[in-house]
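Summary of structural features
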Amino acid sequence: MRFLVWFAIVFALDQAIKWVFLHGFSYKSGWIDLTLVFNRGVAFSMFAFLGEYLKIIQLALVAGLLGYFIGEKKIISDHAVALWLIFGGGCSNVLDRFTHGGVVDYVFWHKWFDFAVFNFADVMIDLGVLLVIVSTFVRRKV
């Protein structure tokens, strides 16, 4: 139950940050811009052609994975924090699709190269995946 707190923190914090950008905040500098962008696809705007179907597909994926992990208690116990980071960020992004028509992104790195626009939820998802990978390799070495 305590790991649901990680989910709630990630979800609420991501939605709060997005609210700030949805209400007009932006910042531009020489290497990073904080500006509102609606991503109608997934990473790097892939699958944007799916339109409205994308949010249904993602919702089904999140629900399916949650059901799988609930059935596989060992996975949750081994990677609880990482999974709740992933689900918190993922659910926040899926909510964006239903309420805003696309994921609310706002961080655009453009020093030395142009990178995709991303958000806090994306960082938490990446961090969760990294934690799962590191934890898996550490457990195998023991």
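Scroll up to find the structure.
Just so you know, these numbers come straight off a predicted model, no measurement behind them. (Residues numbered from 1 in each chain as written. Predicted model: local features only at pLDDT ≥ 70, side-chain atom pairs only at ≥ 80, totals over all residues. Heavy atoms only, no water.)

Below, the discussion takes up the packing of helix H1 (residues 4-22) against helix H3 (residues 73-100). When two helices pack together, their arrangement is given by the angle between their axes and by how far apart the axes lie. Relative to each other, H1 and H3 sit at 35 degrees, their axes nearing to 8 Å. Relative to H3, H1 is oriented so that their crossing is right-handed. For the pair H1 and H3, contact is made by Leu4, Trp6, Phe7, Val10, Phe11, Asp14, Gln15, Lys18 and Leu22 and by Val81, Trp84, Leu85, Phe87, Gly88, Gly89, Cys91, Ser92, Asn93, Leu95, Asp96 and His100, respectively. Here the residues of the contact of H1 with H3 are counted per class, giving 12 nonpolar, 6 polar and 3 charged. (Axes fitted to C-alpha atoms, helices over the stretch in contact; angles between N-to-C directions. Helix = DSSP H or I, 4+ residues; strand = E, 2+ residues; numbered from the N terminus. Left-handed = near helix turned anticlockwise from the far one by under 90°. Contact = heavy atoms within 4.5 Å. Nonpolar A, V, L, I, M, F, W, Y, C, P; charged D, E, K, R; others polar.)

To continue, consider a nonpolar patch on the surface. A grouping of Phe44, Met46, Phe47, Phe49, Trp112, Phe113 and Phe115 is seen on the molecular surface, where their side chains present a nonpolar patch of about 910 Å² in accessible area. For Phe113, the position within the fold is in the loop between strand E3 (103-109) and helix H4 (120-141). (Patch = residues over 30% accessible without salt bridge, like charges linked within 9 Å, V, L, I, M, F, W, Y side chains within 5 Å. Areas by Shrake-Rupley, 256 points an atom, 1.4 Å probe, with all protein chains shown as cover. Salt bridge = Lys/Arg side-chain N within 4 Å of Asp/Glu carboxyl O.)

Strand order in this open sheet of 3 strands is E1-E2-E3, and the pairing throughout is antiparallel. Among the strands making up the open sheet, the edge pair consists of strand E1 (27-28) and E3. Both E1 and strand E2 (residues 32-39) contribute to a ladder of 2 bridges, which runs antiparallel. Looking at E2, one finds that Lys28 is bridged to Asp33. H1 contacts E2 and E3 of the sheet and is inclined by roughly 80 degrees relative to E3. Across the sheet, H3 is in contact with E2 and E3; its angle to E3 comes to roughly 115 degrees. (Pairing = 2+ DSSP bridges.)

With that settled, consider the pattern of salt bridges. Side-chain pairs of opposite charge can arise where the charged atoms are in close proximity. Evaluation of the coordinates by the stated rule reveals 5 salt bridges. Across the pair Asp96 and Lys18 runs a salt bridge whose closest N-O atoms are separated by 2.4 Å. On the criterion of sequence distance, the pair formed by Asp96 in helix H3 and Lys18 in helix H1 is long-range, its members being 78 residues apart. On the basis of relative accessibility, which here comes to 0%, the residue Asp96 falls in the buried class. Between Asp78 and Arg139 there is a salt bridge whose closest N-O contact spans 3.8 Å. Residue Asp78 is found in helix H3, and its partner Arg139 is found in helix H4; the two are separated by 61 residues along the sequence. (Buried < 20%, exposed > 50% of the residue type's maximum accessible area, 1.4 Å probe, protein only.)

Turning to the packing of aromatic side chains, a few remarks are in order. Scanning all chains against the criterion turns up 9 aromatic pairs. With a centroid separation of 5.0 Å and 70 degrees between ring planes, the pair formed by Trp31 and Trp109 is classed as edge-to-face. Placement of Trp31 in the loop between E1 and E2 and of Trp109 in strand E3 is noted, with a sequence separation of 78 residues between them. When its relative accessible area of 24% is taken as the criterion, Trp109 is described as partly exposed. (Phe/Tyr/Trp six-rings, centres within 6.5 Å; stacked < 30°, edge-to-face > 60°.)

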